[in-house]
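Inside the fold
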Amino acid sequence: MGAQQVADRFAELYGAGPEGVWAAPGRVNLIGEHTDYNDGFVMPFALPHQAVAAVSRRTDGVLRLHSADIGDSVAELRVDDLAPGGDHDWTAYPAGVVWALREAGHAITGADVHLASTVPTGAGLSSSAALEVVIALALDDLYGLGLRRWQLARLCQRAENVYVGAPTGIMDQTASACCEAGHALFLDTRDLSQRQIPFDLAAGGLRLLVVDTQVKHAHSGGEYGKRRAGCEKGAALLGVDALRDIPYDGLDAALARLGDEEIVPLVRHVVTENERVERTVALLRAGDPRAIGPVLTEGHASLRDDFRISCPELDLVVDTALAGGALGARMTGGGFGGSAIVLAEATDVETLTKAVEEAFAAAGFTAPRVFEAVPSAGARRLA
Ligand code: ADP
Ligand code: MG
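Residues numbered from 1 in each chain as written. Chains lettered and ligands numbered in written order. Predicted model: local features only at pLDDT ≥ 70, side-chain atom pairs only at ≥ 80, totals over all residues. Heavy atoms only, no water.

Focus on the overall build of the protein
Heads up, the condition is: A run of H or I in DSSP counts as a helix once it spans at least four residues, and a run of E counts as a strand once it spans at least two, with each numbered from the N terminus. Using C-alpha atoms as the atom set, the radius of gyration is obtained and then compared with a globule rule of 2.2 Å times the number of residues to the power 0.38. Each residue is placed in one exposure class: buried if its accessible area under a 1.4 Å probe, protein chains only, is under 20% of its type's maximum, exposed if it is over 50%, and partly exposed if it falls in between.
What the protein contains, in helices and strands, is 11 helices and 12 strands. Relative to a compact globule of 383 residues, whose C-alpha radius of gyration would be 21 Å, the protein shows 21 Å and is just as compact. Its C-alpha atoms put the protein at 60 × 50 × 40 Å along the principal axes. In the protein, which comprises 383 residues, the share counted as buried stands at 57%.

Quick look at the site of ligand 1
Rules: Near, as used in this document, describes a residue that has one of its heavy atoms within 4 Å of the molecule or strand being considered. As used in this structure description, the phrase polar contact means that two N or O atoms lie within 3.5 Å; if the pair is within protein, one of them must be able to donate a hydrogen and the other to accept it, and residues adjacent in sequence are counted only when both atoms belong to side chains. Accessible areas in this description were obtained via Shrake-Rupley with a 1.4 Å probe; residue shielding takes into account the shown protein chains only. Following the grouping adopted for this structure description, the nonpolar residues are Ala, Val, Leu, Ile, Met, Phe, Trp, Tyr, Cys and Pro, the charged ones are Asp, Glu, Lys and Arg, and the polar ones are all others, Gly among them.
Ligand 1 sits among 18 residues. The nearest are S67, D69, G122, S127 and S128. Between an oxygen atom of ligand 1 and a side-chain N or O atom of S128, the distance comes to 3.0 Å. Compared with its free state, where it exposes 560 Å², ligand 1 has 82% of that area covered by protein. Elements that contribute at least two residues to the shell around ligand 1 include exactly β5 (111-117) and α3 (127-142). In terms of residue count, the dominant contributor to the shell around ligand 1 is α3 (3 residues). Of the residues assigned to the shell around ligand 1, the class counts are 7 nonpolar, 9 polar and 2 charged.

Structural notes on the nonpolar core
Our working rule: Residues belong to one nonpolar core when they are buried, are Ala, Val, Leu, Ile, Met, Phe, Trp, Tyr or Cys, and are joined through side-chain atoms within 4.5 Å. Residue ranges for the domains trace back to a domain assignment, done automatically or taken from a database. Two residues qualify as a contact provided that any one of their heavy atoms is within 4.5 Å of a heavy atom in the partner residue.
With 73 residues, the main nonpolar core has L30, M43, V55, L139, F199 and L208 as its most contacted residues. Counting contributing residues per domain, this core is built from domain 1 (3-196 + 377-381) and domain 2 (199-372), each supplying no fewer than three. Once you skip the residues sitting within four places of it in the chain, L208 turns out to touch L30, F45, F199, L201, I341, V342, L343, F371, E372 and A373. Among the nonpolar cores identified, the runner-up in size contains 37 residues, and A254, L255, L314 and M331 belong to it.

Considering the domain arrangement of the protein
Counted only if it meets this: Accessible area, probed at 1.4 Å, shrinks when two parts are joined; the buried area is that loss added up over both. Here, a salt bridge means any side-chain nitrogen of Lys or Arg that lies within 4 Å of a carboxyl oxygen of Asp or Glu.
When the domains of the protein are assigned, the result is domain 1 (3-196 + 377-381) and domain 2 (199-372). Using only C-alpha atoms to locate each centre, domain 1 and domain 2 end up separated by 26 Å. In this complex, domain 1 contributes 37 residues to the contact, which on the side of domain 2 involves 46 residues. Around 3,400 Å² of area is buried between domain 1 and domain 2 when both sides are counted, 61% of it from carbon and sulfur atoms. Where domain 1 touches domain 2, the interface holds 3 salt bridges. Put simply, R190 and D245 hold a salt bridge, and the shortest N to O gap is 2.6 Å. The tally of links between domain 1 and domain 2 comes to 20 residue pairs in polar contact (both at pLDDT 80 or more). Residue composition of the side of domain 1 that touches domain 2, grouped by class: 16 nonpolar, 16 polar and 5 charged.

Description of α3
Short version of the rule: Here, expected helix span is obtained from the residue count minus one, scaled by 1.5 Å.
A rise of 1.5 Å per residue sets the reference length of α3, with its 16 residues, at 22 Å; its end C-alpha atoms lie 23 Å apart and thus fit the reference within 8%. By the criterion of burial, α3 is predominantly enclosed, with 15 of the 16 residues buried. Phi turns positive, to about 60°, at G144, one or two residues after α3.

Side note on the sheet that holds strand β10 (residues 339-345)
Note on sheets: strands pair through backbone hydrogen bonds, and any given pair is parallel or antiparallel. How we decide: We treat two strands as partners when DSSP finds at least two bridges between them. To get an axis, a line is fitted to the C-alpha atoms, and for a helix only the part in contact is used. The angle between two axes follows their N-to-C directions and goes from 0 to 180 degrees.
The 4 strands are arranged β9-β10-β8-β11 in an open sheet whose pairing can be described as antiparallel. Unpaired on one side and paired on the other, β9 (328-332) and β11 (369-372) mark the two borders of the sheet. Here the strands of the sheet are splayed against their neighbours by 20° on average, with no regard to which way each runs. Where strand β8 (residues 206-212) meets β11, 4 bridges bridge the pair, whose relative direction is antiparallel. Across the sheet, the residue bridging to V210 is F371, located in β11. Each of β9 and β10 is contacted by helix α9 (residues 293-306), which is oriented at about 40° to β9, the strand it contacts most. Docked against the sheet, helix α10 (residues 312-323) engages β8, β9 and β10, running at close to 170° with respect to β9.

Observations concerning the packing of helix α2 (residues 92-103) against helix α4 (residues 149-164)
Quick reminder of the rule: For this classification, under 35 degrees means roughly parallel, over 145 means roughly antiparallel, 65 to 115 means roughly perpendicular, and everything else is oblique. Left-handed describes a crossing in which the near helix is turned anticlockwise from the far one by less than a right angle; the clockwise case is right-handed.
In contact at an axis separation of 8 Å, α2 and α4 are set at 115° when each is read in the N-to-C sense. Overall, the two elements α2 and α4 adopt an arrangement that is roughly perpendicular. Read as a crossing pair, α2 and α4 show a hand that is right-handed. Taking contact as the criterion, the partners of A92, Y93, A95, G96, V97, W99, A100, L101 and E103 in α2 are, on α4, L155, C156, R158, A159, E160, V162, Y163 and V164. The residue inventory of the contact of α2 with α4, partitioned by class, reads 13 nonpolar, 1 polar and 3 charged.

As for the environment of Y14
Along the chain, Y14 turns up in helix α1 (residues 3-14). As a C-alpha pair, Y14 and R64 span 50 residues in sequence and 9.3 Å in three-dimensional space. When near neighbours in sequence (up to four residues on either side) are disregarded, Y14 contacts R64, L65, H66, V74, D112, V113 and H114.

Things to note about α1
We count it as follows: When we speak of the arc, we mean the arc of directions from the helix axis to the C-beta atoms.
Between its first and last C-alpha, α1 extends 16 Å over 12 residues, near the 16 Å set by a 1.5 Å rise per residue. Those residues of α1 not exposed but buried are V6, A7, F10 and Y14. For α1, the buried positions fall inside an angular range of 100° around the axis, keeping them on one side. Facing away from the buried side of α1, by more than 90 degrees, are the exposed residues Q4, Q5 and E12.

Written out as structure tokens, the structure reads:
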């Protein structure tokens, strides 16, 4: 999606060109799944797919929103009337960001927005965060708020949690706001400290495939809430603030103390997953990206067997890829559909893609969408 194209459409809609054009990417989580609401570690990287928004300020309290991907007419809201709850459509994401900024004391007096996105929606690739972050960055720039990237991410999370009503962690927005090309982002979700970890796949002769199963996940749905509540119960039973506080070498003792059959596998997933993130960081720092393959695969088994959020389509991607010689594979994102990632030798990409497509056809599943993920830049101004 070119900046010029988005700016041109803005001018058609609103009668004058925008003050600027901004972009924010979707993300893939390399490792660290369902750890973010447990104060744990995550490691996403940004996709080349991004939301692009052309934006101008207004001074009359009016917020006009248009998405090229929805095809509706322009939505017109009043910033004074923005309030969480109620029946929201897609405009809740950008409107929620305006609401969160105003709640934080920033005098946003309106805006005209036109946006277009290449991030697939509902595929676990965070089209929602891309949408929020692009708006937050544009308003930060235009209104001269001087907010740090992590602060923008926090405000976007608040927009999604409170305004939209989807209980998500901080990873998606931080990834979209803070990632750098050629790197994965190690994020400690407790203190929001972050490190850019070199993740240059091409240099090592590797590729990372994203396989969108086209099974739509219901992210704000009950299963996510159940897992989250289960983790919170586990932390309470163990007398810690969050499962992050259970060290990996204290896991067995903690599980023995839990005495709740349903909570044990949830705790085991979170504690082992944090360890897998740390192992992945160490391997990448040691310049050994091939060696993270088995760590990814272990992560999938944990999500499938302990956290129980996989689905037949995701398992089929992983099993087929591994049988075809992939270095590692796992589901990524919230679960129950969405996407899986496959780490493979560059030379195996074609045969692996074909194998997954054939396996889906044989199983009678909807054809998956397979694409290569190159670690890309985070949110930025384009024009
Ligand atoms: P994910 O973030 O995994 O893609 P979510 O359910 O969190 O899935 O967010 C998807 C929602 O975000 C869509 O249903 C829509 O409301 C909104 N959205 C995402 N991209 C766009 C877009 N380009 N235009 C309008 N709304 C969008
Ligand atoms: Mg989302």
